[in-house]
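Structural overview
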Amino acid sequence: MRTQHIGTLELDRSRLAEDLEISAGFHYSEAYSDYLCGGPWKSCMLWAASGDSGDGMVTNYDYGKAPDITDYGKQLPYIWGLVADLVDLRRLNFARLAVISDSVIIPHRDLLELKGIPSDSRNAHRMHIPLVTNDQCFFSADNKVYRMAEGEVWFFDAAQVHSAASLSSTPRVHLMLDFTDLESDEPLVKFPYSTAGSIPDDRVEKRPPMSEQDRAALLNLAPLITMDNYRDVFSIVIKKHFRADGGDDFVWRTMREIAQTGRDTAVAARIDEMQRYFTLERSA
Ligand code: YCP
Ligand code: CO
């Protein structure tokens, strides 16, 4: 399903705040933090196989067991109620809180590591519902940078190369829901929606074109890039992508160019290897 906004929930701010305060005491997994440059990707399972919150790596759950609410989910009556009222729980594999601040996500595709899981039980559709966000939180795909607002329900195409950023110290909290494939025409969501949409124009950031000066300045990192700092360079390049339009595939293209122009061939090899891992193949 294409990334699109399909509806909006009216959030009860005070009940949400109560749940979020409870969730502050949870143990969050930092699985997948290698996808980020900056702060970690913190997640907490509210619904997962056998109701076991597990370690947060979706490849480490037993897909033969029915998913159920976890002890964390049970402690968040308001947030869990939002999920239970909204979606078809029979197809819900995972519901997680996903929290990031001061961080950017390396452009990647998800679901690549799930090919070994039977097609009727693996994650195939994702939804995002921002619970707490701010104007420095972004997503990107297809060289579009866009924002989701609090309470909005989005279908999210995780099979497409995407990136995200939370460019302030205020934590961004999203509900992230993963569903199995659709066997029938039965709707995933209990309100009327169509899947014919796309990212609304008014959510797309109007970024200025990348200046020649900025491009040159980024390429001037080539003599500096080493195995010690290539993730810092990644962070600079990804942040630049969220602020200015450098064209299609800007992040990977620029990282490859910086690495290949640099002195250390090991760095160029690492960037190639990362691009394969994050966007092409990732065996379980
Ligand atoms: C995301 N994808 O795009 C997540 C982050 C890894 C998987 C963690 O938000
Ligand atoms: Co992702």
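Quick note: structure is the one above.
In this report, the structure presented in the accompanying data block is examined. The structure presented is a predicted model; accordingly, all values stated were derived computationally and were not measured. (Residues numbered from 1 in each chain as written. Chains lettered and ligands numbered in written order. Predicted model: local features only at pLDDT ≥ 70, side-chain atom pairs only at ≥ 80, totals over all residues. Heavy atoms only, no water.)

For the rest of this paragraph, the subject is the overall build of the protein chain. When you go through the protein chain residue by residue, the secondary structure sums to seven helices and twelve strands. Computed over C-alpha atoms, the radius of gyration of the protein chain comes to 19 Å, within 12% of the 19 Å expected from 2.2 N^0.38 for 284 residues, which places it in the range of a compact globule. Here the C-alpha coordinates of the protein chain stretch approximately 55 × 40 × 40 Å along the principal axes. Taking all 284 residues of the protein chain together, 52% fall into the buried category. Summarising the internal contacts of the protein chain: among those between residues at least 6 apart in sequence, 77% fall at separations of at least 24. Accessible area of the protein chain: about 13100 Å², with a carbon and sulfur share of 49%. The positive charge centre, built from 31 side chains, and the negative charge centre, built from 43, are 3 Å apart in the protein chain. (Helix = DSSP H or I, 4+ residues; strand = E, 2+ residues; numbered from the N terminus. Rg over C-alpha atoms; globule rule 2.2 N^0.38 Å. Buried < 20%, exposed > 50% of the residue type's maximum accessible area, 1.4 Å probe, protein only. Contact = heavy atoms within 4.5 Å. Areas by Shrake-Rupley, 256 points an atom, 1.4 Å probe, with all protein chains shown as cover. Lys, Arg positive; Asp, Glu negative; His and termini not counted. Charge placed at Lys NZ, Arg CZ, Asp CG, Glu CD.)

Attention now goes to the packing of helix α5 (residues 230–243) against helix α7 (residues 265–279). Between α5 and α7, the shortest axis-to-axis distance is 11 Å and the interhelical angle comes to 60 degrees. The angle between α5 and α7 places the two elements in the oblique class. Regarding α5 and α7, the two cross each other, and that crossing is right-handed. Within the contact between the two elements, α5 uses Tyr-230, Arg-231 and Phe-234 and α7 uses Val-267, Arg-270, Ile-271 and Met-274. Tallied by class, residues from the contact of α5 with α7 come to five nonpolar, no polar and two charged. (Axes fitted to C-alpha atoms, helices over the stretch in contact; angles between N-to-C directions. Parallel < 35°, antiparallel > 145°, perpendicular 65-115°, else oblique. Left-handed = near helix turned anticlockwise from the far one by under 90°. Nonpolar A, V, L, I, M, F, W, Y, C, P; charged D, E, K, R; others polar.)

A few words now on the coordination of the cobalt ion (ligand 2). By definition of the ideal shapes, a tetrahedral metal site with four donors has angles of 109.5 degrees and an octahedral site with six donors has angles of 90 or 180 degrees. Around the cobalt ion (ligand 2), the protein contributes the donor atoms His-108 (NE2), Asp-110 (OD) and His-162 (NE2), which lie 2.0 to 2.1 Å from the metal centre. One chain supplies every donor to the cobalt ion (ligand 2), and in sequence these donors are spaced H-x1-D-x51-H. Both residues of the pair, His-108 and Asp-110, count as buried. (Donors = N, O, S within 2.8 Å, 3.2 Å for Na, K, Ca; no water.)

Our focus in this paragraph is the sheet that holds strand β1 (residues 4–8). Taken together, seven strands build an open sheet; the order of strands is β1-β10-β7-β12-β5-β3-β4 and the sheet is antiparallel. Both edges of this open sheet fall to β1 and β4 (67–69), since each of them pairs with a single strand only. With strand direction ignored, the average angle separating the axes of adjacent strands in the sheet is 30 degrees. As defined by bridge partners, strand β7 (residues 125–132) adjoins strand β10 (residues 152–156) across three bridges and the pair is classed as antiparallel. By the bridge assignment, His-128 is partnered in β10 with Trp-154. (Pairing = 2+ DSSP bridges.)

Turning to the side chain of Glu-152, a few remarks are in order. Looking at where Glu-152 falls in the secondary structure, it is placed in strand β10. In terms of polar contacts, Glu-152 uses its side chain to reach the backbone amide nitrogen of Ala-149, at 3.0 Å. (Polar contact = N/O pair within 3.5 Å; in protein donor to acceptor, adjacent residues only side chain to side chain.)

Taking 1.5 Å of rise per residue, 15 residues should cover 21 Å, and α7 covers 21 Å from first to last C-alpha, within 8% of that figure. Those residues of α7 hidden inside the fold are in contact with α5 and α6 (250–261). Put simply, Asp-264 is the residue that caps the front of α7, since its side-chain oxygen is 2.9 Å from the backbone nitrogen of Ala-266. (Expected span 1.5 Å × (residues − 1).)

Once that is clear, we can look at empty space enclosed by the protein. Counted under the stated rule, the structure contains two cavities of 30 Å³ or more. In this structure, the largest cavity encloses a volume near 290 Å³. Every residue lining the largest cavity is counted, 22 residues in all, and those nearest its centre are Trp-41, His-108, Asp-110, Arg-126 and Met-176. Elements with a contribution of two residues or more to the lining of the largest cavity: β7, β11 (162–166) and β12 (172–179). Per-element accounting of the lining of the largest cavity gives the leading share, three residues, to β11. Its residues placed into classes, the lining of the largest cavity shows twelve nonpolar, five polar and five charged. (1 Å grid on protein atoms, 1.4 Å probe; cavity = no way out; pocket = protein on both sides within 12 Å on 5 of 7 lines; lining within 4 Å. Points joined across faces, edges and corners; volume = space filled by probe spheres on them.)

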